[in-house]
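For reference, the chains in residue letters:
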Amino acid sequence: MNERIAPSLLECVAPATSQVIGHVKIASPDEVRSAVERARAAQRGWGALPVATRVERLLAFREKLLEARDELAEALTTECGKPRQEALVTEVAPLAALIGHYGIHAADVLAPRTIPLRLLKHRRSRVHYEPRGVIGIISPWNFPLLIPFGDAFTALFAGNAVVIKPSEHAPLIALKVKELWDASGHDPDLLQIVPGRGDTGQALIESGVQKIVFTGGVETGRRVAASCGRALVECVLELGGKAPALVCEDANLELAARAITFAGFLNAGQACISVERVLAHEAIHDRLVERIVHHAQRLRLGGPEGIWDVGPLIFPQQLETVERLVNDAIERGATVRCGGKRAERTGDFFEPTVLTGCEPDMPVVQEEIFGPVVPILRVRDDEHALQIANSLPLGLNAYVFSKNPDRAQRLAARLEVGSVVINDVVTDYGSPEVPFGGVKNSGYGRVHGTEALRAMSSVKHVSSDRMPAVSALWYPYGERSEETVRRLVGSLFSRRTLLGRVLDRL
Ligand code: NAD
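Computed from a predicted model, the values in this text were never measured in an experiment. (Residues numbered from 1 in each chain as written. Predicted model: local features only at pLDDT ≥ 70, side-chain atom pairs only at ≥ 80, totals over all residues. Heavy atoms only, no water.)

Participant: Describe the overall build of the protein, naming the residues involved and giving the relevant values.
Facilitator: The number of helices and strands found in the protein is 17 helices and 20 strands. Since a compact globule built from 506 residues should have a radius of gyration of about 23 Å, the 26 Å found for the protein is in line with a globular shape. By principal-axis analysis of the C-alpha atoms, the protein measures approximately 85 × 55 × 40 Å. In the protein, which comprises 506 residues, the proportion classed as buried is 51%. Put simply, the protein has 59 plus and 61 minus side-chain charges, and the middle of one group is 8 Å from the middle of the other. (Helix = DSSP H or I, 4+ residues; strand = E, 2+ residues; numbered from the N terminus. Rg over C-alpha atoms; globule rule 2.2 N^0.38 Å. Buried < 20%, exposed > 50% of the residue type's maximum accessible area, 1.4 Å probe, protein only. Lys, Arg positive; Asp, Glu negative; His and termini not counted. Charge placed at Lys NZ, Arg CZ, Asp CG, Glu CD.)

Participant: Quick one: what's the story with the site of the ligand, residue by residue and with numbers?
Facilitator: Surrounding the ligand, one finds 31 residues, the nearest of these being Ser139, Lys165, Glu168, Thr220 and Glu368. In this structure, an oxygen atom belonging to the ligand sits 2.6 Å away from a side-chain N or O atom of Lys165. Protein burial of the ligand: of its 850 Å² of free accessible surface, 88% is covered by the chains. Residue classes in the shell around the ligand are distributed as 13 nonpolar, twelve polar and six charged. Here the shell around the ligand spans two domains, and each of domain 1 (9-239 + 448-459) and domain 2 (243-432) adds at least three residues to it. (Near = heavy atom within 4 Å. Polar contact = N/O pair within 3.5 Å; in protein donor to acceptor, adjacent residues only side chain to side chain. Areas by Shrake-Rupley, 256 points an atom, 1.4 Å probe, with all protein chains shown as cover. Nonpolar A, V, L, I, M, F, W, Y, C, P; charged D, E, K, R; others polar. Domains from an automatic or database assignment.)

Participant: An account of the domain arrangement of the protein is requested, with residue identities and associated values reported.
Facilitator: Parsing the protein into structural domains produces domain 1 (9-239 + 448-459), domain 2 (243-432) and domain 3 (472-504). Its C-alpha centre places domain 2 at a distance of 60 Å from the equivalent point of domain 3.

Participant: Can you tell me about the sheet that holds strand β19 (residues 443-444), naming the residues and giving the values?
Facilitator: Judged by pairing direction, the sheet is mixed, and its six strands sit side by side in the order β7-β6-β5-β8-β9-β19 without closing on themselves. Of all the strands in the sheet, the pair left with one neighbour each is β7 (191-193) and β19. Of the pairings in the sheet, the one linking strand β9 (residues 234-238) to β19 comprises two bridges and is antiparallel in character. Paired with Leu237 across the strands is Tyr444, a residue of β19. Against the sheet, helix α1 (residues 29-48) engages β5 (134-138), β6 (161-165) and β7, with an angle of about 155 degrees to β6. Contacting β5, β6, β7 and β8 (211-215), helix α5 (residues 146-157) crosses the sheet at an angle of about 165 degrees to β6. (Pairing = 2+ DSSP bridges. Contact = heavy atoms within 4.5 Å. Axes fitted to C-alpha atoms, helices over the stretch in contact; angles between N-to-C directions.)

Participant: Outline the packing of helix α13 (residues 382-389) against helix α14 (residues 405-414), supporting the account with residue identities and numerical values.
Facilitator: The interhelical angle for the contact between α13 and α14, taken along N-to-C directions, is 30 degrees, at an axis separation of 10 Å. Classed by the angle they form, the pair α13 and α14 counts as roughly parallel. Classified by chirality, the crossing of α14 by α13 is right-handed. Residues Asp382, Glu383 and Leu386 of α13 touch α14, and the partners they reach there are Arg407, Leu411 and Arg414. (Parallel < 35°, antiparallel > 145°, perpendicular 65-115°, else oblique. Left-handed = near helix turned anticlockwise from the far one by under 90°.)

Participant: Please provide a residue-by-residue account of the side chain of Asn397, values included.
Facilitator: Looking at the secondary structure, you find Asn397 in strand β16 (residues 397-401). A distance of 3.2 Å separates the side chain of Asn397 from the side chain of Tyr399, its partner in a polar contact. Within polar-contact distance, the side chain of Asn397 engages the side chain of Asp428 at 2.9 Å. Once residues lying within four places of it in the same chain are set aside, the contact partners of Asn397 are Ala243, Pro244, Cys272, Ile273, Val417, Ser419 and Asp428.

Participant: Lay out the environment of Arg132 in plain terms, naming residues and giving numbers.
Facilitator: Structurally, Arg132 is set in the loop between β4 (123-131) and β5. Given a relative accessible area of 21%, Arg132 falls into the partly exposed group. Between the C-alpha atom of Arg132 and that of Ala155, which follows or precedes it by 23 residues, the distance is 8.9 Å. Not counting residues within four places of it along the chain, the set of residues in contact with Arg132 comprises Asn160, Gln210, Lys211, Glu234, Ala455, Met456, Ser457 and Ser458. Within polar-contact distance, the side chain of Arg132 engages the backbone oxygen of Ser457 at 3.3 Å.

Participant: Please provide a residue-by-residue account of the pattern of salt bridges, values included.
Facilitator: According to the stated counting rule, one finds 30 salt bridges in the structure shown. A salt bridge links Glu254 to Arg291; the nearest nitrogen and oxygen atoms lie 2.9 Å apart. One end of the pair, Glu254, is in helix α9 (residues 253-265); the other, Arg291, is in helix α10 (residues 285-297), with 37 residues separating them in the sequence. When its relative accessible area of 31% is taken as the criterion, Glu254 is described as partly exposed. The partner of Arg495 in a salt bridge is Asp504, and the shortest N-O contact between them spans 3.7 Å. Look at the salt bridges and you will find they share partners, linking Glu249, Asp250, Asp382 and Arg407 into a network. (Salt bridge = Lys/Arg side-chain N within 4 Å of Asp/Glu carboxyl O.)

Participant: Could you give an account of the nonpolar core, with specific residues and numbers?
Facilitator: Counting residues in hydrophobic clusters, the biggest one holds 143 residues, and the most contacted among them are Phe149, Phe153, Ile212, Val247, Leu288, Tyr399 and Phe401. Here this core spans two domains, and each of domain 1 (9-239 + 448-459) and domain 2 (243-432) adds at least three residues to it. Ignoring any residue separated from it by four or fewer positions in sequence, one finds Leu288 in contact with Val247, Leu253, Ala256, Ala257, Val278 and Ala280. (Core = buried A, V, L, I, M, F, W, Y, C linked by side-chain atoms within 4.5 Å.)

Written out as structure tokens, the structure is:
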């Protein structure tokens with residue numbers, strides 16, 4: 001960041017060329033508050049529309065996004081250094097798929113549900129999913145299209161307005177989507193962007209929003225959760241990951257090696273679901289390493305011109321973190337099988353790196369690397385692999401490779417994470433149908449799936465009567481009624497009584 005630029009501006013730098021590509025005005029706390037107020041006003045009309053009308057309008061906007069796919073991919077390439085194909089496959093396509101998924105299912109998922117009551121048969125209970133109001137989204141730089149707009153569209157389908165605080169390291173793509181939104185005839189106030197750094201994120205939390213969806217690092221997540229607690233605003237926290245890939249001795253090794261290479265180096269390793277630890281069974285360890293190294297050595301660093309596989313890291317500090325972790329691992333005895341250092345070229349590039357001889361206590365195995373580095377550990381058996389996999393405070397996702405479906409499922413059941421992908425990689429975040437999120441320090445709440453759409457709604461229960469009647473349980477209390485209640489409580493809820501057993505079956 002250039003120290004001479006005005007404090008009210010963000011300077012945007014292309015990581016592949018280190019060139020300044022733009023400046024963006026930071027939203028002041030007053031501007032954030034006013035954005036939220038305008039969003040609230042716009043939400044009233046939007047939230048009152050039938051779900052089917054919202055669906056029509058959002059599906060129409062998807063066409064605009066798809067028409068602009070080359071422009072969006074180019075913008076992601078310039079701002080983040082991703083290969084264009086990767087920008088299309090991992091950002092534009094899953095966003096379009098998410099809009100399509102909710103387009104098909106939102107009306108059903110958000111339809112009121114009737115809930116039968118076991119005891120109070122004469123009453124009718126309905127649960128309604130109502131819009132919450134304004135949803136604030138605070139997002140990271142690594143998937144600056146898919147993450148904020150995936151959450152934004154989920155919120156919009158549920159009838160909310162949205163205010164996004166994009167990452168200070170990648171605000172341009174959010175502003176590009178906003179241009180498309182405004183040009184498509186939608187109410188501009190329904191979807192707004194407030195660029196800025198952490199203090200702008202804080203201002204958003206304190207601006208009267210009804211919910212925050214935060215994606216970012218664990219330490220920032222703690223601060224966000226504390227601020228949401230003070231403001232009594234519900235939040236979803238999508239935090240860091242350190243995905244282990246457990247490779248059993250019966251795995252398809254070529255599939256495992258190619259999958260690990262893809263998920264280890266995708267987005268230059270800057271994904272919360274990147275393979276960050278390979279736990280290879282000792283019987284296949286050497287053959288697996290040879291295959292991963294073979295594939296990693298063929299990856300081409302590059303950008304922004306031509307075709308390449310692995311781009312730069314987002315900014316110089318990220319490069320320093322990766323370098324520190326790799327050098328530390330080498331000092332502690334790890335072996336560099338390929339890469340291992342900065343690339344000799346302009347931009348923030350690190351060579352695709354495979355490390356063997358890694359041990360569970362090395363920082364490279366414990367901390368999020370967020371770079372193109374795959375540390376490999378040798379394990380004795382499944383128990384050993386599980387023990388290492390579950391030993392960290394992070395629990396976002398994990399991968400298992402085995403040809404035995406029962407064994408893979410047993411391992412999945414014991415992994416302390418929010419999702420497990422067997423014999424494949426990254427399809428968990430990429431599938432809008434399934435809930436995604438972490439356990440332990442990886443956060444709480446879920447994005448995607450039925451769960452996230454309903455969680456963007458305020459749940460209201462309405463209980464109505466079939467036959468209004470004075471309840472025998474109302475006042476006055478008396479000795480006889482107390483005795484009747486005493487007997488009923490003992491029999492109604494017990495499996496030892498006929499009444500209790502009948503009630504259990506209702
Ligand atoms: P970060 O925590 O530094 O920043 C995330 C966002 O929070 C940014 O927009 C930032 O401006 C904002 N922010 C910073 N301080 C804030 C504060 N005090 N209050 C409110 N907002 C604040 O994260 P990052 O470096 O942008 O992203 C990388 C991290 O994100 C990694 O740890 C990665 O694992 C995680 N991530 C998680 C997921 C997931 O789905 N679980 C997905 C992608 C990235």
